[in-house]
Structure formats: C-alpha cells, structure tokens
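As a plain string of letters, each chain reads:
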Amino acid sequence: MASGNGVNERDIQKSYWVQHSADLSVEAMMLDSKAADLDKEERPEVLSLLPAYEGKSVIELGAGIGRFTGELAQKAGQVLAVDFIESAIKKNESINGHHKNVKFLCADVISPKMSDNISEGSVDVIFSNWLLMYLSDNEVENLAERMIRWLKDGGYIFFRESCFHQSGDSKRKYNPTHYREPRFYTKMYGPGFVSTGGLETTKEFVAKLGLKPGQKVLDVGCGVGGGDFYMAENFDVEVVGIDLSINMISLGIERAIGLKYAVEFDCADCYKKTYPENTFDVIYSRDTMLHVKDKPTLFRSFYKWLKPGGKLLITDYCKSAGSPSLQFAEYIKQGGYYLHDMKAYRQMLDNAGFDDVIAEDRTDEFAKTLQQELHALENKKDDFIRDFSEEDYNEIVERWKAKQTRGASGEQMWGLFIAKKK
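## Notes on unusual backbone geometry
Inference 1: Unusually for a residue other than glycine, Trp130 sits at a positive phi of about 60°.
Inference 2: Topologically, Trp130 is positioned in the loop between β4 (123-129) and α7 (137-150).
Inference 3: One non-glycine residue, Asn278, lies in the positive phi region at around 60°.
Inference 4: With respect to the helices and strands, Asn278 occurs in the loop between β8 (263-267) and β9 (280-286).
Inference 5: Classification of Asn278 as partly exposed rests on a relative accessible area of 38%.

## Here's the deal with the nonpolar core
Among soluble globular proteins, nonpolar side chains are generally buried collectively.
Inference 1: In terms of nonpolar packing, the biggest core is built from 39 residues, with Leu211, Val217, Met231 and Tyr284 touching the most fellow members.
Inference 2: Among all residues touching Leu211, those that are not within four sequence positions of it are Val206, Val217, Met231, Phe235, Val237 and Val282.

## Some thoughts on the packing of helix α11 (residues 295-305) against helix α13 (residues 342-351)
Inference 1: Where α11 meets α13, the axes come as close as 8 Å, and the angle between the chain directions of the two elements is 45°. Taken together, the axes of α11 and α13 are oblique relative to one another. Read as a crossing pair, α11 and α13 show a hand that is right-handed. Across from Lys295, Pro296 and Phe299 in α11, the residues of α13 making contact are Tyr345, Met348 and Leu349.

## Points about the pairing of β4
Inference 1: Counted residue by residue, β4 has seven buried out of seven residues, so it is predominantly covered.
Inference 2: Relative to β4, strand β1 (residues 57-61) runs parallel, the two being bridged by four bridges. Across the sheet, residue Glu60 finds its bridge partner in β4, namely Phe127.
Inference 3: For β4 and strand β5 (residues 151-160), the ladder comprises six bridges, and the chain directions are parallel. Across the sheet, Val123 pairs through a bridge with Leu151, a residue of β5.
Inference 4: Of the crossover connections in this fold, the one passing from β4 over α7 to the parallel β5 is right-handed.

## Looking at the packing of helix α14 (residues 363-379) against helix α16 (residues 390-409)
Inference 1: Look at α14 against α16: their axes get within 10 Å of each other, and the N-to-C directions meet at 160°. Overall, the two elements α14 and α16 adopt an arrangement that is roughly antiparallel. Crossing geometry of α14 relative to α16 is assigned as left-handed. Contact with α14, carried on its side by Thr363, Phe366, Ala367, Leu370, Gln371, Glu373, Leu374, Leu377 and Glu378, involves Tyr393, Ile396, Val397, Trp400, Lys401, Lys403, Gln404 and Gly407 of α16 and no other residues of that element.
Inference 2: Here the residues of the contact of α14 with α16 are counted per class, giving nine nonpolar, four polar and four charged.

## Remarks on a nonpolar patch on the surface
Inference 1: Judged by side-chain polarity, Ile157, Phe159 and Ile246 come together as a nonpolar surface patch covering roughly 220 Å² of accessible area.
Inference 2: Within the secondary structure layout, Ile157 lies in strand β5.

## Quick word on the sheet that holds strand β2 (residues 78-83)
Inference 1: Read across the sheet, five strands follow the order β3-β2-β1-β4-β5 without closing on themselves; strand pairing throughout is parallel. The outermost strands of the open sheet, each flanked by one partner alone, are β3 (102-106) and β5. On average, each strand axis in the sheet is inclined to that of its neighbour by 15°, with strand direction left out of account.

## Considerations on α13
Inference 1: Turning to α13, its buried residues are Met342, Tyr345, Met348 and Leu349. Around the axis of α13, the buried residues are gathered within 125° of arc, so they sit on the same side. Across from the buried face of α13, at angles greater than 90 degrees, the exposed residues are Lys343 and Asn351.
Inference 2: Where α13 is buried, its residues contact α11, β10 (306-319), β11 (355-361) and β12 (412-420).
Inference 3: Backbone geometry just after α13 places Gly353 at a positive phi near 110°.

## Looking at the packing of aromatic side chains
Inference 1: Applying the stated criterion to the full structure yields 18 aromatic pairs.
Inference 2: Summarising the aromatic geometry, the rings of Phe205 and Trp414 are spaced 5.9 Å apart at their centres and angled 55° between planes, so their arrangement reads as tilted. Here Trp414 lies in strand β12 and Phe205 lies in helix α8 (residues 198-206), a separation of 209 residues in the sequence.
Inference 3: Residue classification places Phe205 among the buried residues on the basis of a relative accessible area of 0%.
Inference 4: With centroids separated by 5.8 Å and ring planes inclined at 15°, the aromatic side chains of Phe328 and Tyr331 adopt a geometry described as stacked. Taken together, the residues span about one helical turn, with Phe328 and Tyr331 both in helix α12 (residues 326-335) at a distance of three residues. Comparing Phe328 with Tyr331, the two get one shared label, buried.
Inference 5: Here Lys403 stacks its cationic end above the ring of Trp400, 4.0 Å away from the centre of that ring.
Inference 6: Over the ring of Tyr303 we find Lys421; its NZ or CZ atom is 5.0 Å from the centre of that ring.

Cut-off values and rules
Residues numbered from 1 in each chain as written. Predicted model: local features only at pLDDT ≥ 70, side-chain atom pairs only at ≥ 80, totals over all residues. Heavy atoms only, no water. Helix = DSSP H or I, 4+ residues; strand = E, 2+ residues; numbered from the N terminus. Buried < 20%, exposed > 50% of the residue type's maximum accessible area, 1.4 Å probe, protein only. Core = buried A, V, L, I, M, F, W, Y, C linked by side-chain atoms within 4.5 Å. Contact = heavy atoms within 4.5 Å. Axes fitted to C-alpha atoms, helices over the stretch in contact; angles between N-to-C directions. Parallel < 35°, antiparallel > 145°, perpendicular 65-115°, else oblique. Left-handed = near helix turned anticlockwise from the far one by under 90°. Pairing = 2+ DSSP bridges. Right-handed = clockwise from strand over helix to strand, strands pointing away. Nonpolar A, V, L, I, M, F, W, Y, C, P; charged D, E, K, R; others polar. Patch = residues over 30% accessible without salt bridge, like charges linked within 9 Å, V, L, I, M, F, W, Y side chains within 5 Å. Areas by Shrake-Rupley, 256 points an atom, 1.4 Å probe, with all protein chains shown as cover. Salt bridge = Lys/Arg side-chain N within 4 Å of Asp/Glu carboxyl O. Arc of directions from axis to C-beta. Phe/Tyr/Trp six-rings, centres within 6.5 Å; stacked < 30°, edge-to-face > 60°. Lys NZ or Arg CZ within 6 Å of the ring centre and 35° of its normal.

Encoded structure:
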C-alpha cells in the first residue's frame, strides 16, 4: 500500500519503528512507560494460551528484542525469531543467542526473503504479538496465505493485536498503526458481503446456477457469508463456506447462530483443503481467485469435487492481454495478485476438464457498481469517519477511484466464468 504522497507502507512502518526502537527496552517495544509491570502480568497469560509446542518448530514473527523468544526456546524444538529492525534482532540475539535451538533473521515478514528461509509445510506454530496492525490490509491477506503454506497439517497460527484504538501511553508524533475491527470489511459492500455489487450481483449470478433444494454448494472465499445465507435461505441448499480470514469466518459463524438453514463455515486455504470426489453440486467463488497463483491445479480440484452435471461459477479480477502499464503492474505486485486475461482464464478451465465454459466481460457492470458503492460511501461519510477515521475513508475513496480509472482504460477487467462438469 502507498500513502497519498507515494510513500510505501513498509517505509512508513520501518521509519516508525526505527524511531521507537532507539532505546532497545521493553518500554520502547510495548510503547508504554509501565511496560515492565504489564509484561509480568501478560506474558504468562499469552504463553498459557498457546497450543502445545514442546519439541515443535516455531516461528516468531515481529520478535523484537526477544520478550517471548527465550520463553519459546525453553520448550520448542527450534525457533526462528524474525524482525525487520536490525538493532532489535541483534539485541534479541545477544540476550537469547545462548539457546542453541534459536535462529535469528532480520527480514520484513512480507519480503520474499521469508520464503527463502521457510519451506512449505515445515512449521508447527507461527506466533506473533502485535504485528498485523503494522501491515496494510493487502499485506495481512498475503501474509496469511503464506503462513498457511508454511504450516504443517494440523499446525497453528497464534496472533494477538490491539484493536479499535491505540494501546500504550507512549507519545507519538504520528501513528501509522491499523487498529482494525471486522466491520471495516463490510462497510463498502453492505451487511454480509465483501465482493463487488453485494446482494444485487449475488442475486443475478446465483440465478444462473439453477439451484434445487437439497443440493450442496461450496463457496470458496466466502467472506462473511452473505451469498451463503442468501442461497441457503432462498433455495434450501446446504452451503459450505471457506475463507482464509478468521475475522470473516467468525462473523459468518456468529450470524449463523439460531438460523434454521444449513450453512457451515471453515477457516481454510482452498489450495490445501481437500474434499472427496463428487461432493458438491455447485462451486461458487466471488473475487477470490486473484489471490491464487496456481489456478490450473485448483481448477482441477474443483472439477474432481463437483458431481457429474455440477456447475462452477467464478467472478474475478482480470487484465487486458499484453503487458500491464507500470502503474498497474505495481498495483498487482503490491497486492500479491495473479491476474490473467479473459482468454487465458477460459483456457485454464477448459484444460481442467470443464465443458460449456462461458467467459463474459463484466467490466462495464463492475464500473457501475464501483460508482454506486462509492456514492453510498460518500453518503455515509460522517458515520464512516466516526466509526473509523478520515484517513481510512480517504484511502478507500482513493482505491475505488483508481479501480474506476483502470477499468475505464481497459487494463483492469472483471470476468464472469461459468462451466459445467459433464
């Protein structure tokens, strides 16, 4: 993410922590003058909440000067302590380097350097304490995907964040921290939806599926479950929604309590998740596949999971054929997206074995929807700023207008893909 003046999110966060790490103390790391007392109370509590990690492989992200590193090292088989402030990780090593089962790495958690040091499926527990709030929304999503890949089957991610407002009494000239709460993700799309067009496009696209009572639907990238509840309530189908975001899944589960129709949620990586062959009548995915690098493999899995006669419906961000502009290429890189042109997308579905593949360019509809959502946000500007901040408001407006510009130029496209398993 970049700020309005073009400064990169990572540069902002690093500058912030270089400033606050000049004094390599627990007070500096916790941004609180009473940190020593707080640490005595909270550290045992946090450690008590961790899954069993005796003899296990543990990664500590945002390790700082090692408040938790030494504690983890006493039980873990091996610990990799990571921080992007060199002075902090060196201080950590000077304190905890005598533990032979600890390695120290100076790296930004979202940098490619991380994957050079961590193999997929090699980690039992990933631990972080106050880290994600120093990443942009896109960076959090991308890191979550990578963490899932680093974990062994049955592995755990433990993270702890400050939400809603600033913690610690340290005075700060500026504060780039993202104090999140789940409603942030639903403000743009209406209650229950985090994909383009909300309920209106959901109604249109679901109508193309020919749903029948008792059928089973898999929603890949379900968000907070708006489409799932709509399908279950109106068509009497069973819906399984999967998503990487625990915040989204938690909201979906909370909303499902007491409802009489069949919707279940699972926090899972669609690339690692497996289902028996011929399980689902429909697989449905809205604006999620842009995060998936190896689409051909996933599409082959979709084909196997569908029953004969089953349908697949995907909407996704696409790009025009040819090389993107420098600005669009940077947007793709910053988001960690994997975009394809419409023809290539259709070909991947054909190659996966699907029949009757339909690929429709819905970019005009995308542009209209963006304008409607932007207008709705502008009408709620005061409420939004009261709930969040003017900075958050301006950032979303800027993002939406940038999408409109790319759509108008033909560079960024929105595709609808429907296919069938015979």
